[in-house]
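Architecture and fold: a report
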Amino acid sequence: MEELNLKLKIWRQPGPNQKGDFVAYKVNGLNTHMSFLEMLDVLNEQLVNLGQDPVAFDHDCREGICGMCSMVINGKPHGPQKGTTTCQLHMRHFNNGDTITIEPWRAKPFPVLKDLIVDRSSFDRIIQAGGYVSVNTGSAPDGNSIPIGKEIAEDAFDAAACIGCGACVAACKNASASLFVSAKVSQLALLPQGQPEREERVVKMVSKMDEEGFGHCTNTGACEAECPKEISLEYIRKLNWEYHRSNIKG
Amino acid sequence: MKTYFTSTLFRKTLASLSGVFLVLFLAGHLAGNLQLFIPGEAGQKQFNEYAFFMTTNPVVNLLSIITYSAIILHVLLTFYLTIQSRNARPVKYAVSSGTTNSSWASNNMAVLGTLLLIFLVIHLRSFWYEMHFGSIEKDIWGKKDLYTVTVSAFHELWYVSIYVISMVVLGLHLKHGLESAFQTLGFRTRKYSSSIKAITTGLVLLIPITFASIPIFIYIKNI
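Keep in mind the model is a prediction, meaning the values are calculated, not measured.

Further remarks concern the overall build of chain A. On a plain count of helices and strands, chain A comes out with eight helices and seven strands. Counting only C-alpha atoms and orienting by the principal axes, one finds that chain A spans roughly 60 × 40 × 35 Å. The proportion of buried residues among the 250 residues of chain A is 44%. Put simply, of all contacts in chain A between residues at least 6 apart along the chain, 70% involve residues at least 24 apart.

Neighbouring strands of a sheet are bound in pairs by backbone hydrogen bonds; such pairs are parallel or else antiparallel. Residue and element names in this part refer to chain A. In spatial order, the strands read E2-E1-E5-E3-E4; together these five strands make up an open sheet with mixed pairing. The sheet terminates laterally at strand E2 (21-31) and strand E4 (76-77), the two strands that pair on one side only. Relative to strand E5 (residues 99-103), strand E3 (residues 72-73) is paired through two bridges, and the arrangement is antiparallel. Note on E5: the bridge partner recorded for Ile73 is Ile102. Relative to the sheet, helix H1 (residues 36-49) contacts strand E1 (3-12) and E2, its axis offset from that of E2 by approximately 105°.

All names here are of chain A. Its domain assignment divides chain A into domain 1 (3-103) and domain 2 (121-135 + 147-249). Computed over C-alpha atoms only, the centres of domain 1 and domain 2 are separated by 29 Å. Every contact between the two is made by 12 residues of domain 1 and, on the other side, 10 residues of domain 2. Split into classes, the residues belonging to the side of domain 1 that touches domain 2 amount to four nonpolar, seven polar and one charged.

Residue and element names in this part refer to chain A. Of the strand pairs in this sheet, E1 and E2 are connected by nine bridges, and their pairing is antiparallel. Bridge assignment links Leu4 to a residue of E2, and that residue is Leu30. Pairing geometry for E1 and E5, over four bridges, is parallel. The partner of Lys9 across the bridge, within E5, is Thr101.

Moving on to the interface of chain B and chain A. Contacts between the two partners involve 34 residues from chain B and, on the opposite side, 38 residues from chain A. Taken together, the elements giving at least two residues each to the side of chain B that touches chain A come down to helix H1 (8-33), helix H3 (58-87), helix H4 (104-107) and helix H7 (157-185) of chain B. Residue composition of the side of chain B that touches chain A, grouped by class: 12 nonpolar, 17 polar and five charged.

With that out of the way, let us pick up the environment of Tyr192 of chain B. Within the secondary structure layout, Tyr192 of chain B lies in helix H8 (residues 190-222). Separated by 161 residues in the primary sequence, Tyr192 of chain B and Ala31 of chain B place their C-alpha atoms 27 Å from one another.

All names here are of chain A. Within helix H2 (residues 121-130) the residues assigned to the buried category are Ser122, Phe123, Ile126 and Gly130. All buried residues of H2 lie within an arc of 105° about the axis, which places them on one face of the element. Turned more than 90 degrees off the buried face of H2, the exposed positions are Asp124 and Gln128. Buried residues belonging to H2 abut helix H5 (178-189) and helix H6 (198-211). Looking one or two residues beyond H2, the residue adopting positive phi is Gly131, at roughly 80°.

Quick notes on the rules
- For every chain, the first residue of the written sequence is number 1, and numbering continues from 1 along that sequence.
- As they are written, the chains are lettered A onward and the ligands numbered 1 onward, keeping that order.
- The predicted nature of this model means local features are confined to residues of pLDDT at least 70 and side-chain atom pairs, given and counted, to a pLDDT of 80 or more, with totals for whole chains, interfaces and linings taken over all residues.
- Each helix is a run of DSSP H or I of at least 4 residues and each strand a run of E of at least 2, with the numbering of both proceeding from the N terminus.
- Think of it as a crowd count around each C-beta: if 20 or more other C-beta atoms lie within 10 Å the residue is buried, if 12 or fewer it is exposed, and in between it is partly exposed, with C-beta placed from the backbone throughout.
- For the purpose of contact definition, each residue receives a C-beta atom placed from its backbone, and two residues are in contact when these atoms lie within 7 Å.
- Strand pairing is defined by DSSP finding a minimum of two bridges between the two strands.
- For helices, the fitted axis covers only the stretch in contact; all axes are lines through C-alpha atoms, and the angles between them, taken along N-to-C directions, range from 0 to 180 degrees.
- These domain limits were set by an automatic method or by a database of domain assignments.
- Three categories are distinguished: nonpolar for Ala, Val, Leu, Ile, Met, Phe, Trp, Tyr, Cys and Pro, charged for Asp, Glu, Lys and Arg, and polar for the others, with Gly belonging to the last.
- The arc in question is formed by the directions pointing from the helix axis toward the C-beta atoms.

Put into structure tokens, the structure is as follows:
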């Protein structure tokens, strides 16, 4: 089996609001079937054995569905492979002798906590600002009791595929959260269950997005290109429409 | 509603609406400029009468004020939004993904817009200022001879070069800007996106190319 020897340049920052810098590392004898996170595990084992502080990075499910892993690899959020999270990026996509630069998400509303870990609770606050969704309590409703067209269901489901990882913000030259907010607004605005609070939800979420200090959307399409769940720019179009509509409707 | 007018999205909406209005203005301006293709004295008479009408008609004057306002609004809003976005990323990336995930024009709208603003200053100084405040000689029909001022300017290679380069810049700015406006306003749905793409691409090619063809035509005719 082919083995990889890599040079890494990793952003190291001891804590929030502290000065950080890139540190160079070498990892040798890597298995090409490893995921990118497993490669970092190997590096961290080396560091621990040397008595050094391991590189802090976010990760949880390692199945590509939780949205925790977050790092910019050679200028690209989640690395060079399209439609994948960092944990699903495998080392076979790199060549022996490559130098890989790894940075945290860069945005004012995503402050660095340590090394590659950023605080993404600004996303949680946007979701919270959206408020509740009215549901009838009592016994579980029968399946398919609310008729929803196939196309609408698919559209809502595509929006709901957003895992809230923040790659859109990381990729955007303006650090805009529009793709994330648009996915969250659209998944509910498209479905009958989301109708009762449809107008106030979008207004509150967009206001919160502004308040958190994200940049504005200039429709470059970088977010769509880098999104591991390939959320479409169509949802940003929908977000804009929903926002105008809700404000005009009052 | 109270948060609407102070929201970033509303500011973006105004930037798009003012941009779309300016594209309509460009289409009108271009239609007028086509008269420069008319050869000889007939062209001179026609163009100078047109210039007289455009500077004296009250409706046109009102439209002019709206146009100047749209330019100022567009510049101020986009400047403000650009600064706001710069602040959203205080620490830059060491490695940039560049244009691997988005078009060059979409990443350089501020640069393209600034170049257009510089061109606008030169352009207004050459023609608008001369027409309103300069000492233009009268033609034989008693109208200010803007035709001769324009044609003389287009006999200069440096002036024609600046004009043509600026039209390339305009094309790039509109290439992203016009389609982007439909997205911001919320009209670019899946159903209409291909038609919007076709219309905007057509306009983006037609407007700058036709504008640029006039000074090129006049320059070549004079060689």
